[in-house]
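# Structural characterization, general
Now for the letters of each chain:
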Amino acid sequence: MDLHEAVNVCLLAIYYRHVPGAPIVLAANRDESRRRPSLSPDLREDQRLLCGLDAQAGGTWLGVNADGLVVAVTNRPAPPAPAVARSRGLLAMDLLHTGSASKAVELAMRELDTEHYAGVNYLCTDAQSCAVVCGGLQPQVIDMPPGLHLLTNGDPDDVDDSRQKISRRLMVEREPSRVEDFLNRAKLVFSGKAHPPTAAKMVLNQPWRGTISSTIIAITDDPHQAAYLYADGPPDSEPYCDYSHMLRAMLAR
């Protein structure tokens, strides 16, 4: 069993500047302890943030701000965490308060250099740029060009990561030419229904830990076409509910 299979990780796919009219479309499955409480997505911080909340530490695993900045978090193997580690989700909230993806990347690098955090990846993207900040042995920034990118608990687009390889194959089987194409395909792939023999790679179902929610987001040129879907539980058994009205209202303001 390789490292990627031995550790429960989150799974994220993003088409950056690939779908016409939508600079960012992404889907993410959150893998976490089933005992860790969380709150469903809502408008927060004077309605300038839309995100779910980790009810234990107060941070988020994935969010959007009113400027169209998207920040997502995945865990990453690293040396032992500091004795008093700061929540990685709280830093995600800090990043969402910056004005752009480039500023979020700068703040993430400054914070990770303090060595106050456990291993982590931060996806920071808006209509102008897309990058992953990898906080492992030595924090680094990996820029993401237009196209499809996958992220789990290692480097983005890792050709040796079996979960990324399966996700990529399933996504490119139906290349999206419209936002609706992406939304429909992402719901099938991230719920494990696109190809049932590989469903266990998409939705993790261990007794104490597994996929506890799923999110699909589209940031569009026209804010009234933006989309935010959320499954409050394993997406193979829980439906995606539509929170798009919140995202549209926030972006339109």
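What follows is about the pattern of salt bridges. Evaluated as defined, the whole model comprises 10 salt bridges. The residue R36 makes a salt bridge to D54 at a minimum N-O spacing of 2.7 Å. Note that R36 is positioned in the loop between β2 (22–33) and β3 (38–44) and D54 in strand β4 (residues 49–54), a separation of 18 residues in sequence. Of the charged contacts in the structure, one is a salt bridge between R48 and D67, with a shortest N-O distance of 3.6 Å. Linking R48 in the loop between β3 and β4 with D67 in the loop between β5 (62–65) and β6 (70–75), this pair joins segments that are 19 residues apart in sequence. Accessibility expressed as a relative area gives 44% for R48, which makes it partly exposed. A residue is classified by how much of its surface remains accessible, and D67, at 47% relative accessible area, is partly exposed. Via salt bridges that share partners, R169, E173 and R185 belong to a single interconnected network.

What the 7 strands build is an open sheet, ordered β3-β4-β5-β6-β7-β8-β9; its pairing is antiparallel. Strands at the two margins of the open sheet, each flanked by one partner only, are β3 and β9 (140–143). Here the average twist between neighbouring strands, direction ignored, is 20°. Of the strand pairs in this sheet, β4 and β5 are connected by 3 bridges, and their pairing is antiparallel. Bridging across to β5, L49 finds its partner in N65.

Each value, and the rule that gives it
Residues numbered from 1 in each chain as written. Predicted model: local features only at pLDDT ≥ 70, side-chain atom pairs only at ≥ 80, totals over all residues. Heavy atoms only, no water. Salt bridge = Lys/Arg side-chain N within 4 Å of Asp/Glu carboxyl O. Helix = DSSP H or I, 4+ residues; strand = E, 2+ residues; numbered from the N terminus. Buried < 20%, exposed > 50% of the residue type's maximum accessible area, 1.4 Å probe, protein only. Pairing = 2+ DSSP bridges. Axes fitted to C-alpha atoms, helices over the stretch in contact; angles between N-to-C directions.

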